[in-house]
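Residues per chain, in single letters:
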Amino acid sequence: MATETRAEVTVIIVSYNTARLTIKAIETLYANTRETIFDCVVFDNASQDNSAALIRAAFPHVRVIASDQNIGFAAANNHVAGASVTPYFLLLNPDTETHPGAVDALVRFAKSRPNAGIWGGRTVFADGSLNIASCWAIPSLRSLFFRAFGISAVFRRSAFANPEAYGGWQRDSIREVDIVVGCFLLIGRPLWQELGGFQRKYYMYGEDADLCLRARGLGYRPCMAPDAQITHHVGASTRQSEEKTILVMKARASIIRDHWPLWKVGPGIALMWLWAALRYVASRPFTRCRRASADHWRAVWARRAEWLQGYA
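The structure displayed is predicted, hence computed values, not measured ones.

Peer 1: How would you explain the environment of C212 if you had to name every residue and give the values?
Peer 2: Relative to the assigned elements, C212 resides in helix 8 (residues 207-217). Residue C212 is classed as buried on the basis of its relative accessible area of 0%. On a C-alpha basis, the gap between C212 and V177 in space is 9.2 Å, while along the polypeptide they are 35 residues apart. In this structure C212 touches I118, D178, I179, V180, L185 and P222, once residues within four positions along its chain are discounted.

Here is the structure:
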């Protein structure tokens, strides 16, 4: 194990009821990182599956912080980063598997493009197919309009119709992006400190978008490295579908309110309302034959005032 004074990177994993997956994430991290000296810290958000004890038993050299309450993803990362002195922090999801040389490639890439400030890698699903959710563009009136009417879903590969997902880009080339997703995000400690870490109001989802957009406001240009690749199993710690949708929508509303010009905020929030309204209305004829979908959109619609307001 590297001591923190020698380590170049602090790898931060925030876990919540993902013991088996977190153990696999740590196994692949150590097995496939060959050049980079790093420390690994796991912050467990009051899991009910004995995660902290199981991780400690499997990896005595990994520092495990067992919280007695779920303080959320943003606050957990802030807690660990605030006590770390390495030049870089790597945020790594517990439902990931690091591919050979991924961390080494990402750190080399960061050193070659210091002006990016934040760096990310390519993510794939367990079957090896591309998982586009390693990065996103900031929502726009155009992207929200196309999303509300399902156009972006029909033309997924179109950069024009699906701009938030950089439609058609296979994440196989170096590219500046608006948002690097926090499942595999490398940031230098000086920039993290300048930004004050994550805004804690982003309890879950959106904190990475806000961080990257604030970095862009300072002149940095987050960038993706295609040869730094991981598997991301996606959503393992958020199993309740309606709750996840509501949290994601609340985060999106907050990004609009925090990072859009004031004159655009009203139309943007209205398009989010329209997106949910159309899905709620469309699901009603299928109440009997597709009850799960109807119940989902009924729950999301019923709580629209909550998520449209965003995080307080």
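Peer 1: Account for helix 2 (residues 51-58), naming residues and giving values.
Peer 2: Here helix 2 has its buried residues at S51, A52 and I55. One face of helix 2 carries all of its buried residues, which in axial projection span an arc of 95°. Those residues of helix 2 that are buried lie in contact with strand 1 (9-15), helix 1 (19-32), strand 2 (38-45) and strand 3 (63-67).

Peer 1: Describe a nonpolar patch on the surface, with residues and values.
Peer 2: A contiguous nonpolar patch, built from F145, F149 and L278 and spanning about 270 Å² of accessible area, is present on the exposed surface. You can see F149 is positioned in the loop between helix 5 (141-148) and helix 6 (151-154). For F149, a relative accessible area of 46% translates into the label partly exposed.

Peer 1: Go over the packing of helix 10 (residues 262-283) against helix 11 (residues 291-302), please, and point to the residues and values.
Peer 2: Relative orientation of the contacting elements helix 10 and helix 11 amounts to 145°, with a least axis distance of 9 Å. In terms of crossing hand, the pair formed by helix 10 and helix 11 is left-handed. Seen from helix 10, the contacting residues are W273, W275, A276, A277, R279, Y280 and S283; seen from helix 11, they are S293, A294, W297, R298 and W301. Per-class residue counts for the contact of helix 10 with helix 11 are 8 nonpolar, 2 polar and 2 charged.

Peer 1: Describe the environment of R221, listing the residues and the values that go with them.
Peer 2: In this structure, R221 sits in the loop between helix 8 and strand 12 (223-232). Linking R221 and E176, residues 45 residues apart in sequence, is a C-alpha distance of 6.1 Å. Excluding its chain neighbours within four sequence positions, the residues that come into contact with R221 are N115, A116, E176 and R216.

Peer 1: Outline the nonpolar core, supporting the account with residue identities and numerical values.
Peer 2: Counting residues in each nonpolar core, the largest one holds 34 residues, and the members touching the most others are F184 and L186. Going through the elements one at a time, strand 1, helix 1, strand 2, helix 2, strand 4 (88-92), helix 4 (102-112), strand 11 (184-188) and strand 12 are the ones with two or more residues in this core. In terms of residue count, helix 4 provides more of this core than any other element does, 7 residues in total. Setting aside its immediate chain neighbours within four residues, L186 contacts V9, Y88, F89, L90, L106, V107, A110, G117, I118 and W119. Core analysis: the next-biggest nonpolar cluster, separate from the first, contains 29 residues, F43, A81, L185 and W192 among them.

Peer 1: Let's hear about the side chain of E164: which residues, and what values?
Peer 2: Looking at the secondary structure, you find E164 in the loop between helix 6 and strand 9 (175-176). Note on E164: relative accessible area 11%, which makes it buried. There is a polar contact of 2.9 Å between the side chain of E164 and the side chain of R252. In this structure E164 touches W136, A137, I138, P139, S143, L144 and R252, once residues within four positions along its chain are discounted.

Peer 1: Which residues make up the packing of aromatic side chains, and what values go with them?
Peer 2: The geometry of an aromatic ring pair comes down to the distance between the two centres and the angle between the two planes. For the coordinates displayed, the defined rule picks out 13 aromatic pairs. Taken together, a centroid distance of 6.0 Å and an interplanar angle of 90° make the contact between F89 and W192 edge-to-face. In this pair, F89 is assigned in strand 4 and W192 in helix 7 (residues 189-195), connecting sequence segments 103 residues apart. Summarising the burial analysis for this pair, F89 and W192 share the class buried. Among the aromatic residues, those joined into a ring-pair cluster are F73, F89, W192 and F198.

Here is what the cut-offs are and how they apply
- All residue numbers refer to position in the chain's written sequence, counted from 1.
- Residue-level local features of this predicted model are given only where pLDDT is at least 70; pairs of side-chain atoms are given and counted only at 80 or more, and the full residue set underlies all totals for whole chains, interfaces and linings.
- Excluding hydrogens and water, the side-chain values take into account all heavy atoms of the structure.
- Helix numbers and strand numbers start at the N terminus; a helix is a DSSP run of H or I with at least 4 residues, a strand a run of E with at least 2.
- Per-residue accessibility, obtained with a 1.4 Å probe over protein chains only, is compared with the maximum for each type, and a residue is labelled buried under 20%, exposed over 50%, and partly exposed between these values.
- By definition in these notes, contact holds between two residues if any of their heavy atoms fall within 4.5 Å.
- In this description, the arc belongs to the directions extending from the helix axis to the C-beta atoms.
- Here the term patch refers to residues with relative accessible area over 30% and no salt bridge, with like charges joined within 9 Å and nonpolar side chains (Val, Leu, Ile, Met, Phe, Trp, Tyr) within 5 Å.
- Note that accessible areas follow from Shrake-Rupley with a 1.4 Å probe, and for residues the cover is restricted to the protein chains shown.
- Salt bridge, as used here: a side-chain nitrogen of Lys or Arg that lies within 4 Å of a carboxyl oxygen of Asp or Glu.
- Here the axes come from fitting lines to C-alpha atoms, over the contacting stretch only for helices, and the angles between their N-to-C directions go from 0 to 180 degrees.
- By convention, the crossing between two helices is left-handed when the near helix turns anticlockwise from the far helix through less than a right angle, and right-handed when the turn is clockwise.
- Under the grouping applied here, Gly and all other residues not named as nonpolar or charged are polar, the nonpolar ones being Ala, Val, Leu, Ile, Met, Phe, Trp, Tyr, Cys and Pro and the charged ones Asp, Glu, Lys and Arg.
- Take the buried residues of types Ala, Val, Leu, Ile, Met, Phe, Trp, Tyr and Cys, join any two whose side-chain atoms come within 4.5 Å, and each joined set is a nonpolar core.
- Between N or O atoms, a polar contact is any pair within 3.5 Å; within protein, one atom must be a potential hydrogen donor and the other a potential acceptor, and residues adjacent in sequence are included only when both atoms are from side chains.
- Stacked, tilted and edge-to-face pairs are distinguished by plane angle, under 30 degrees for stacked and over 60 for edge-to-face with tilted covering the rest, among Phe, Tyr and Trp rings (Trp via its six-membered ring) whose centres lie within 6.5 Å.

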